[in-house]
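The primary structure of each chain is shown beneath.
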Amino acid sequence: MEHEKKIIFSATQPSGKITLGNYLGALRNWVTLQEDYNAIYCVADEHAITVRQDPAALRRQSLELYAQFIACGLDPEKSIIFIQSHVPQHAELAWVLNCYTMFGELSRMTQFKDKSATHADNVNAGLFTYPTLMAADILLYQADLVPVGEDQRQHVEITRNIAQRFNGIYGDVFTMPEAYIPEVAARVMSLSEPDKKMSKSSPNENSYILVMDKPEVILRKFKRAVTDSEGGIYRSPDKPGVTNLIEIYAAVTGTTPEAVESEFAGKGYGDFKPAVGEAVIETLRPIREETERLLADKGYLESLYRQGAEKAAAIANRTLRKVHKKVGFAPR
């Protein structure tokens, strides 16, 4: 890793489904970030098991997400890309940090409250303490920046609290991370409910586009996208569906919303919606094809994620050794 560059860390749970919103809002930005930072990206499979998973599906989805990271443009030569459970230092540091995290802090976490309500039959200790695992993810790599959405800012705050408490007792052990919220990130809304963010958890599969959707599926979903009865292709608070389509088209073609409005002035939704669909198809096609190619070459994919885990473990070990020494564990 280059010493003069800041370290940026981000992790994603392996749902197996990356949406167009995930790609435009986060992943595409990660590709740019790896040029300017020492970038570390992680498939967070340990976080996933706070909710019951089908083991075969979790394995498959972890590999699919790893392949999609590479297919989207993350470069294993420029970034460290690994699967969380392949680097046991995450779980080791999480236990130590549990002992420096207050019960009250964890009980105030919004996501714990939300998931407890959603999974009332499985409110397990991992669901309660997973913010300390998230803190371990970040602090192991002495990350300066953590790219997150507004809804994840609370996790960076508790990570800072834990780091500050530990540093206050033992000296300068952890770098204090900061939330990195990109100023310009495409916010992609649902195609069926344009007042809501595009989400793969929606029961209506026409509301979201997946990176791995086939071209005919993407086109069908855009043709069914909610617009309005007024006509006219321009942005307005009264036209959330059309506004969303304009912003998607602008994001995938690299133009501005104003230019899109000019391009489709005087045209109807019958022209516009398929045009957006075709533009999205061409943007996602190389990603889908490269993901399929990688998943078909298991040996190559395995070599990539093993190399990534080795690089991650080398950095993680340095931090963990320092932590063990500070808290008084006998040397190994």
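Just so it is clear, the model here is predicted, and its values are computed rather than measured.

Cut-offs used in this document
Residues numbered from 1 in each chain as written. Predicted model: local features only at pLDDT ≥ 70, side-chain atom pairs only at ≥ 80, totals over all residues. Heavy atoms only, no water. Helix = DSSP H or I, 4+ residues; strand = E, 2+ residues; numbered from the N terminus. Rg over C-alpha atoms; globule rule 2.2 N^0.38 Å. Buried < 20%, exposed > 50% of the residue type's maximum accessible area, 1.4 Å probe, protein only. Contact = heavy atoms within 4.5 Å. Areas by Shrake-Rupley, 256 points an atom, 1.4 Å probe, with all protein chains shown as cover. Salt bridge = Lys/Arg side-chain N within 4 Å of Asp/Glu carboxyl O. Axes fitted to C-alpha atoms, helices over the stretch in contact; angles between N-to-C directions. Parallel < 35°, antiparallel > 145°, perpendicular 65-115°, else oblique. Nonpolar A, V, L, I, M, F, W, Y, C, P; charged D, E, K, R; others polar. Expected span 1.5 Å × (residues − 1). Bend = angle between axes of the 7 residues up to and from the residue. Polar contact = N/O pair within 3.5 Å; in protein donor to acceptor, adjacent residues only side chain to side chain. Phe/Tyr/Trp six-rings, centres within 6.5 Å; stacked < 30°, edge-to-face > 60°. Core = buried A, V, L, I, M, F, W, Y, C linked by side-chain atoms within 4.5 Å. Pairing = 2+ DSSP bridges.

A look at the overall build of the protein
Thought 1: Tallying secondary structure elements over the protein gives 13 helices and five strands in all.
Thought 2: Over its C-alpha trace the protein gives a radius of gyration of 21 Å, about what one expects of a compact globule, namely 20 Å for 332 residues.
Thought 3: Each of the three principal axes of the protein carries a C-alpha extent, and together these read 75 × 45 × 40 Å.
Thought 4: Per-residue burial over the protein gives 50% buried out of 332 residues.
Thought 5: In the protein, the proportion of contacts linking residues at least 24 apart, taken out of those at least 6 apart, comes to 75%.
Thought 6: Roughly 15900 Å² of accessible area belongs to the protein as shown, and the carbon and sulfur atoms make up 51% of that amount.

Considerations on the pattern of salt bridges
Here the idea is simple: oppositely charged side chains can pair when their charged atoms come close.
Thought 1: With the rule as written, the count across this model stands at 15 salt bridges.
Thought 2: For K196, the salt bridge is made with E193, and the minimal N-O distance between the two is 3.1 Å.
Thought 3: The exposure class assigned to K196 is partly exposed, which follows from its relative accessible area of 43%.
Thought 4: In this structure, E258 and R235 form a salt bridge, with 3.1 Å as the shortest nitrogen-oxygen distance. Within this pair, whereas E258 is found in helix α11 (residues 257–263), its partner R235 is found in the loop between α9 (215–223) and α10 (240–253), the two being separated by 23 residues in sequence.

Notes on the packing of helix α12 (residues 269–296) against helix α13 (residues 298–327)
Thought 1: Here α12 crosses α13 at 95 degrees, and the two axes come no closer than 5 Å. Between α12 and α13, the crossing angle belongs to the class labelled roughly perpendicular. In this structure, α12 contributes L294, L295 and A296 to the contact, and α13 contributes K298, Y300 and L301.
Thought 2: Across the contact of α12 with α13, the residue classes tally to five nonpolar, no polar and one charged.

Some details on the side chain of H47
Thought 1: With respect to the helices and strands, the residue H47 is situated in helix α2 (residues 45–48).
Thought 2: Owing to a relative accessible area of 4%, H47 belongs among the buried residues under this scheme.

As for helix α7 (residues 125–140)
Thought 1: Given a rise of 1.5 Å per residue, 16 residues ought to cover 22 Å, and the 22 Å separating the end C-alpha atoms of α7 matches this to within 8%.
Thought 2: Of all the bends found along α7, the most pronounced is centred on P131 and spans about 40 degrees.
Thought 3: With 13 of its 16 residues buried, α7 lies for the most part within the structure.
Thought 4: A distance of 3.0 Å separates the backbone nitrogen of G126 from a side-chain oxygen at the start of α7, and that oxygen is part of N124.
Thought 5: Remark: Q142 follows α7 within two positions and exhibits a positive phi of approximately 50 degrees.

A look at the environment of R60
Thought 1: Take R60: it is sitting in helix α3 (residues 55–71).
Thought 2: Taking the C-alpha atoms as reference points, R60 and L301, separated by 241 residues in sequence, lie 12 Å from one another.

Looking at the packing of aromatic side chains
Thought 1: For the coordinates displayed, the defined rule picks out 14 aromatic pairs.
Thought 2: Considering the side-chain rings of W30 and F69, the 5.6 Å spacing of their centres and the 65 degrees angle between planes classify their relative orientation as edge-to-face. Placement of the pair is W30 in helix α1 (residues 20–36) and F69 in helix α3, with a sequence separation of 39 residues.
Thought 3: Seen from their ring centres, F166 and F174 are 5.2 Å apart, and the 50 degrees between their planes marks the pair as tilted.

Observations concerning the nonpolar core
Thought 1: Membership of the largest hydrophobic core comes to 58 residues, with the highest contact counts inside it found for L20, Y66, I209, F222, V280 and L284.
Thought 2: Mapped onto this core, the elements with two or more residues apiece are α1, β2 (38–43), α3, β3 (79–83), α9, α10, α12 and α13.
Thought 3: A per-element tally of this core places α12 first, with nine residues.
Thought 4: In contact with F222, not counting residues within four places along its chain, are L20, L191, I209, L245, I248, K273, V276, G277 and V280.

So, the pairing of β2
Thought 1: Burial within β2 is extensive, with six of its six residues counted as buried.
Thought 2: Of the two faces of β2, the one carrying N38, I40 and C42 and the one carrying A39, Y41 and V43 are both buried.
Thought 3: Of the pairings in the sheet, the one linking strand β1 (residues 7–12) to β2 comprises six bridges and is parallel in character. What sits directly across from I7, in β2, is N38.

Regarding unusual backbone geometry
Thought 1: Unusually for a residue other than glycine, Q142 sits at a positive phi of about 50 degrees.
Thought 2: Tracing the sequence through the fold places Q142 in the loop between α7 and β4 (145–147).
Thought 3: Looking at Q142, the relative accessible area reads 16%, which means it is buried.

Spatial relationships are all this shows, so hold off on functional conclusions.
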